[in-house]
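Each chain, written out:
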Number of protein chains: 2
Amino acid sequence: MPASPANDPSLHSWIDIRPTDDFPIQNLPFGVIDVPDWGPRLAVAIGGYALDLYACAQLGYFDSVAEDVPELGAALPKVFRRRSLNAFLKLGPVAWRAVRERVSELLRHDNPTLRDNELAVRTCLLRQRDVTMLRPVKPTNVTCFEASRTHALNVAQLLGGVSSLSTHWHHQPLAYSSRASSVVVSDTAIRRPSGLHVPADQTEPVFGPTQQLDVSLETAFVVGQTTAPGTTVPVAQAESHIFGILLCNEWHARDLQRWQALALGSLAQMHVASSVSPWVVTLDALEPFRVAGPAQQPEPLPYLQASGEQHFDLHLELLFKPTGSTVAPLVLSHTSTSTNYWSMAQQLAQLTANGTALEAGDLCASGASSGPTSGALGSLLELTQGGTQPLSLPNDLHLGYLRDGDTVIVRGYAEKNGLRIGLGEVSGTVLPTTT
Amino acid sequence: MPASPANDPSLHSWIDIRPTDDFPIQNLPFGVIDVPDWGPRLAVAIGGYALDLYACAQLGYFDSVAEDVPELGAALPKVFRRRSLNAFLKLGPVAWRAVRERVSELLRHDNPTLRDNELAVRTCLLRQRDVTMLRPVKPTNVTCFEASRTHALNVAQLLGGVSSLSTHWHHQPLAYSSRASSVVVSDTAIRRPSGLHVPADQTEPVFGPTQQLDVSLETAFVVGQTTAPGTTVPVAQAESHIFGILLCNEWHARDLQRWQALALGSLAQMHVASSVSPWVVTLDALEPFRVAGPAQQPEPLPYLQASGEQHFDLHLELLFKPTGSTVAPLVLSHTSTSTNYWSMAQQLAQLTANGTALEAGDLCASGASSGPTSGALGSLLELTQGGTQPLSLPNDLHLGYLRDGDTVIVRGYAEKNGLRIGLGEVSGTVLPTTT
């Protein structure tokens, strides 16, 4: 795919953006904002602002694009007046790119069209702190992969009690399905779940609040295109079905998971919630950050073989803020998505290899992107060796698993040659179990 | 819950219904029909007919109910002009019952209101053979339980290679999440999926069409009420969240499943599709068919303890029609939902014990309702001992797993004291893999 003109590193905007901002003009991620009195609408992030796409469309700023892309023209402006990106995604990659490139034009420092229309700027450009971010997509299907070999091996050892990964693991990306209702947007509080588990000093299971509430440092990709049942998407075409990437924090109850995993290997109910970041960074914007992934041995069968750089180098940080803390969050871990063994294209090819249908807005999470070093582990399970070696933090704090009131934040960004494309962040705070 | 007047066994309708019909006036299941030129709408089955609820509402036949149940009144008639039952379900149990009881009144032999209005009858009453049945609900979450102990043990032995069930199995109903996109209505053809499996005479996995396509004889319940995240539904109140029951045939690729199960116990990708019957029989209509379930040892912990008869005795039949056959389908198996170890109420209580949210329209499948005798097994895996002992059928046919062109039908009904409440049927035919 040729580079988009919206990616040009020399572009700059008439909106003031600091070099450390997540959302320069080369990024332009999509999200859904809720504006008091106006209701939900689609938006693009630029610096500390959200550009209201619905308002822009109503003011005619997409008229030229609507002419060039008839399917977009037929859907405007209503497709921007929705509670999720889904309807916009269904318009397809040509429409996604046309909108992103038009937004790029409108925000360029040398384009007076919007810049010099004070009334339009006041209507279309909202401070992010003045709007509520909604969950960006309404997924029909949620798939949780296990893309990192390091993470898979650590889980097998710490929860499964085995010393090495099954050779099966290297033949295909493994995944489980999750609940669409469990996907929540950043800043949604997470209620501590209850379930069956065996307390450390006992042998029989008890029912009660989890004592091992954990997080998972990961990304998820947003499926952009709907496919009919029976359709397989070859690995070489898989990326054209991916709209973009967001940050994901999957909350797990490790003690509940351990108990359930012992019964026929069912891992389904371990899942508590998936917190996602509100802005979806397009695959287009991440084009400059492609890298080769790790060598894959044994070589995958042809249906999973892809040429070229199909991995992306996104830095991920796991941050922690203890209950009551007023200081900056502590960094617990720092990893990169480039450590994932399986690429997103391989995950999507695997998912559709059996002909399962995709829906625009579906989410595919990577699983924790744990890297090979101790500072690059993507879960408390791994960082604390199953809770046996609590982390020593400032102020005499020893962190095993999460306590009520604790806040966990995942941040992510790509950076290269002075260009930073940020994914923003996803945050969640633990609430006590309902009594 | 007091018995509904719509359940009165002495009722009969002005519509001619044979004693073997699935849909007498005491049943009145809900579905979604698509009528040429008119579009989708909600309907109730009566004998061989579908009563168009939208047309009835437009003609004022629900005006009295709308007055009594304001939430229904505010939603009429549009709530009946939908592609799924979801919006109707969200109105809650009072509205469900009020509509079913009003339909019962309208169809009673001694009520002339609709009966004697020829024009209204021609508008509202459609032959089922003249309409297309749509998928009755649009599930947000799909959960596949393993409610039958016999089935769980058989799967553990035939696929897992272990001789007995883990004691963990008896502590809580186990389940995995599935894909909402994979739920299809009866008569949807099922494409043979491909995936990794190890052919019988080889040791290395190959990628290709499954050689062990299987079915599963089960029911699923439809969640009727949405709950907020963090809400637990106690087992004693679980049934009030269940709208009704339909038939379900889960298609599995046993060779793909076996290969995946070996890697960290992930069972997620074994799932091919779930075919569901088009009419949802309300829990109200099934009230006369309550039975005690099997004894549960060890006794479940309090959060799963329920008093009273929480199981239902529904007969289930697995039927088979080989490719090209023009004769009646063959009965492969005959079982009852009363053999399930875990009740629907226990399944729903387990599901929400960790606070996971429910959405109206969610589906919870039971897993195969295999009974203890050889004629009561709910899958080909079990009926053929993992494919090693093909079934001997008429015309020298030996059936291991499914061939392209084969049709599988699941039928179900409850019967007692001359009253038959049918679930209808769900059918599916195997298509060859796309090449």
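Because the structure is a prediction, the values reported are computed rather than measured.

### Considering the sheet that holds strand β9 (residues 190-191) of chain B
Within a sheet, each strand pairs with its neighbour through backbone hydrogen bonds, oriented either parallel or antiparallel.
No. 1: The mixed open sheet is built from five strands, whose spatial order is β9-β25-β24-β19-β20 (chain B). Each having just a single partner strand, β9 and β20 (330-336) of chain B make up the two edges of the open sheet.

### Considerations on the interface of chain A and chain B
No. 1: With 54 residues of chain A at the contact, the number on the chain B side is 54 residues.
No. 2: Carbon and sulfur atoms supply 55% of the area buried between chain A and chain B, which totals about 4,500 Å² over both sides.
No. 3: Counting every contact that joins chain A to chain B gives two salt bridges.
No. 4: For B:Asp362, the salt bridge goes to A:Arg179, with nearest N and O atoms at 3.9 Å.
No. 5: Between chain A and chain B we count eleven residue pairs in polar contact (both at pLDDT 80 or more) in total.
No. 6: When residues of the side of chain A that touches chain B are traced back to their parent elements, those giving at least two are α8 (149-158), β7 (175-178), β10 (194-197), β11 (206-209), α9 (254-261) and α10 (344-352) of chain A.

### Describing unusual backbone geometry
Residue and element names in this part refer to chain A.
No. 1: Cis peptide bonds are those with omega within 30 degrees of zero, and the linkage from Gln 297 to Pro 298 qualifies with 0 degrees.
No. 2: Among the structural elements, Pro 298 can be located in the loop between β17 (290-291) and β18 (311-312).
No. 3: Even without glycine at this site, Leu 28 takes up a positive phi of about 55 degrees.
No. 4: Among the structural elements, Leu 28 can be located in the segment before β1 (30-35).
No. 5: Since its relative accessible area comes to 0%, Leu 28 is described here as buried.

### Quick word on the confidence of the model for chain A
No. 1: Counting all residues, the mean pLDDT for chain A is 94, and 97% of those residues have values of 70 or more.
No. 2: Contacts from residues 263-268 of chain A, a stretch scored under 50 in pLDDT, to residues over four places away or in other chains number 19 contacts.

### Remarks on the domain arrangement of chain A
Residues and elements named next belong to chain A.
No. 1: Domain boundaries in chain A define domain 1 (5-134) and domain 2 (142-431).
No. 2: Placing a centre on the C-alpha atoms of domain 1 and another on those of domain 2 gives a separation of 29 Å.
No. 3: A buried area of about 2,100 Å², summed over both sides, lies between domain 1 and domain 2, and 63% of it is on carbon and sulfur atoms.
No. 4: Where domain 1 touches domain 2, the interface holds two salt bridges.
No. 5: Here Asp 284 ties to Arg 97 by a salt bridge, and the two come within 2.9 Å at their closest N and O atoms.

### Description of the side chain of B:Thr433
No. 1: Looking at where B:Thr433 falls in the secondary structure, it is placed in the segment after β25 (419-431).
No. 2: Not counting residues up to four positions away in its chain, the partners in contact with B:Thr433 are B:Arg191, B:Arg192, B:Ser194 and B:Pro209.

### A short note on the pairing of β7(A)
Residues and elements named next belong to chain A.
No. 1: Covered by surrounding structure in β7 are Ala 175 and Ser 177 together with Tyr 176 and Ser 178, the residues of both alternating faces.
No. 2: Examined bridge by bridge, strand β6 (residues 142-145) and β7 share four bridges and lie antiparallel to one another. Considered in β7, the bridge of Thr 143 is made with Ser 177.

### What to know about the sheet that holds strand β5 (residues 132-134) of chain A
Residue and element names in this part refer to chain A.
No. 1: Spatial ordering of the open sheet is given by β4-β3-β2-β1-β5, a layout of five strands whose pairing is antiparallel. Either end of the sheet is taken by a strand with one partner, and the two such strands are β4 (125-127) and β5. Along the sheet, successive strands turn relative to each other by an average axial angle of 45 degrees, direction set aside.
No. 2: Pairing analysis gives four bridges linking strand β2 (residues 39-46) to strand β3 (residues 49-52), with the strands arranged antiparallel. Bridge pairing in β3 links Ala 45 to Ala 50.

### Concerning helix α8 (residues 149-158) of chain B
Because each turn of an α-helix spans 3.6 residues, side chains separated by three or four positions end up pointing in the same direction.
No. 1: Among the residues of α8(B), B:His151, B:Ala152, B:Asn154, B:Val155 and B:Ala156 are the ones counted as buried.
No. 2: Those residues of α8(B) hidden inside the fold are in contact with α11 (380-383) of chain B.

### Brief notes about the packing of aromatic side chains
All names here are of chain A.
No. 1: Enumeration according to the criterion identifies 22 aromatic pairs over all chains in this entry.
No. 2: Ring geometry for Phe 88 versus Phe 243: centroids 6.4 Å apart, planes at 85 degrees, classification edge-to-face. In this pair, Phe 88 sits in helix α4 (residues 86-90) while Phe 243 sits in strand β14 (residues 242-253), placing the two residues 155 residues apart along the sequence.
No. 3: A connected cluster of aromatic rings, assembled from ring pairs, spans Phe 30, Phe 62, Phe 80, Phe 88, Trp 96 and Phe 243.
No. 4: The ring of Tyr 413 is capped by Arg 420, whose NZ or CZ atom sits 4.1 Å from the centre of that ring.

Criteria and thresholds
Residues numbered from 1 in each chain as written. Chains lettered and ligands numbered in written order. Predicted model: local features only at pLDDT ≥ 70, side-chain atom pairs only at ≥ 80, totals over all residues. Heavy atoms only, no water. Pairing = 2+ DSSP bridges. Helix = DSSP H or I, 4+ residues; strand = E, 2+ residues; numbered from the N terminus. Contact = heavy atoms within 4.5 Å. Buried area = accessible area lost by both parts, 1.4 Å probe. Salt bridge = Lys/Arg side-chain N within 4 Å of Asp/Glu carboxyl O. Polar contact = N/O pair within 3.5 Å; in protein donor to acceptor, adjacent residues only side chain to side chain. Buried < 20%, exposed > 50% of the residue type's maximum accessible area, 1.4 Å probe, protein only. pLDDT = per-residue confidence, 0-100. Domains from an automatic or database assignment. Axes fitted to C-alpha atoms, helices over the stretch in contact; angles between N-to-C directions. Phe/Tyr/Trp six-rings, centres within 6.5 Å; stacked < 30°, edge-to-face > 60°. Lys NZ or Arg CZ within 6 Å of the ring centre and 35° of its normal.

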